[in-house]
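# Understanding the architecture of this molecule
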Amino acid sequence: HSMEGTEALVAVPLHGGRVKTMFGPRPELEINVCWDPDVENTNAHLPKGDLSLQIVRGTSFAGVDTRWRVFLEVPETLYGARATADWTSPSSTTGGPTPQWGEGATCINVIEWAVSDKEQETDTPEESFRSKVLDLLEGKKEKGAARRRVLDMLESQAEQLSELETRVAEVAEHMVNAH
């Protein structure tokens, strides 16, 4: 994976708890993930930079007007007190089943993963996992751009179809008036 920043809207399926409705689709939480790596970091396997997580909206949540909060744990470091940074969002601005959060539902984490010189010599399963996660985020960004291009193309075709329908109606009206 590259050392470039990336941004992706990620839909996270939620399992169990009070958020799940009795029937229907599994609830999901959309989170805008923005990774801004430290340009001076030379080790792609040990991320260092700013990770911004913005809670955007939920889908298929239980409750009609229930307000929701999101609790996140982010590994800012590999060891010590910041190995798990906790954050709780403000309450959603709208209730279920599709709660939304405003701009204030963003947490910014300073990621500084580092290991001792001896541990850096080998590629651990954790480093391999982190690398795969970052690769997946970059892949989501590319898929999102492709999806946007397809939607733009479909929108353009819909506009052309609408123009064609208008022209056909004008020709039909002209033919009726001519007789």
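Thresholds, definitions, all that
- Residues numbered from 1 in each chain as written.
- Predicted model: local features only at pLDDT ≥ 70, side-chain atom pairs only at ≥ 80, totals over all residues.
- Heavy atoms only, no water.
- Pairing = 2+ DSSP bridges.
- Helix = DSSP H or I, 4+ residues; strand = E, 2+ residues; numbered from the N terminus.
- Core = buried A, V, L, I, M, F, W, Y, C linked by side-chain atoms within 4.5 Å.
- Buried < 20%, exposed > 50% of the residue type's maximum accessible area, 1.4 Å probe, protein only.
- Axes fitted to C-alpha atoms, helices over the stretch in contact; angles between N-to-C directions.
- Contact = heavy atoms within 4.5 Å.
- Polar contact = N/O pair within 3.5 Å; in protein donor to acceptor, adjacent residues only side chain to side chain.
- Patch = residues over 30% accessible without salt bridge, like charges linked within 9 Å, V, L, I, M, F, W, Y side chains within 5 Å.
- Areas by Shrake-Rupley, 256 points an atom, 1.4 Å probe, with all protein chains shown as cover.
- Salt bridge = Lys/Arg side-chain N within 4 Å of Asp/Glu carboxyl O.
- Lys, Arg positive; Asp, Glu negative; His and termini not counted.
- Charge placed at Lys NZ, Arg CZ, Asp CG, Glu CD.

With that settled, the discussion passes to the pairing of strand 3 (residues 48–59). In the sheet, strand 2 (residues 28–37) pairs with strand 3 via 10 bridges, with the strands oriented antiparallel. Opposite Cys-34, over in strand 3, you have Ser-52 as the bridge partner. Note that strand 3 and strand 6 (residues 106–112) share seven bridges and pair antiparallel. What sits directly across from Gln-54, in strand 6, is Thr-106.

Judged by nonpolar contacts, the single largest core of 24 residues is most densely connected at Leu-29, Val-33, Leu-51, Leu-53, Ile-55, Leu-72 and Trp-101. Elements represented by at least two residues in this core include exactly strand 1 (6–13), strand 2, strand 3, strand 4 (71–74), strand 6 and helix 2 (125–178). No other element matches the four residues that strand 2 contributes to this core.

We now examine the sheet that holds strand 3. Reading across from one edge, 1-2-3-6 is the order of the four strands in this open sheet, with antiparallel pairing throughout. Looking at the sheet topology across the chains shown, the edges are occupied by strand 1 and strand 6. If you compare each strand with its neighbour and ignore which way they point, the axes differ by 25° on average. Strands in contact with helix 2 are strand 1 and strand 2; relative to strand 1, the strand with the most contacts, it is inclined by about 100°.

Assignment of secondary structure puts Ser-92 in the loop between strand 5 (85–88) and strand 6. Of the polar contacts made by the side chain of Ser-92, one reaches the backbone oxygen of Thr-94; its length is 2.7 Å. Apart from the residues lying within four places of it in its own chain, the contact partners of Ser-92 are Thr-66, Arg-67, Trp-68, Pro-99, Gln-100 and Trp-101.

So, on to a negative patch on the surface. Side chains of Asp-152, Glu-155, Glu-159 and Glu-163 sit close together on the surface and give a patch of like negative charge. Inspection of the secondary structure puts Glu-155 in helix 2.

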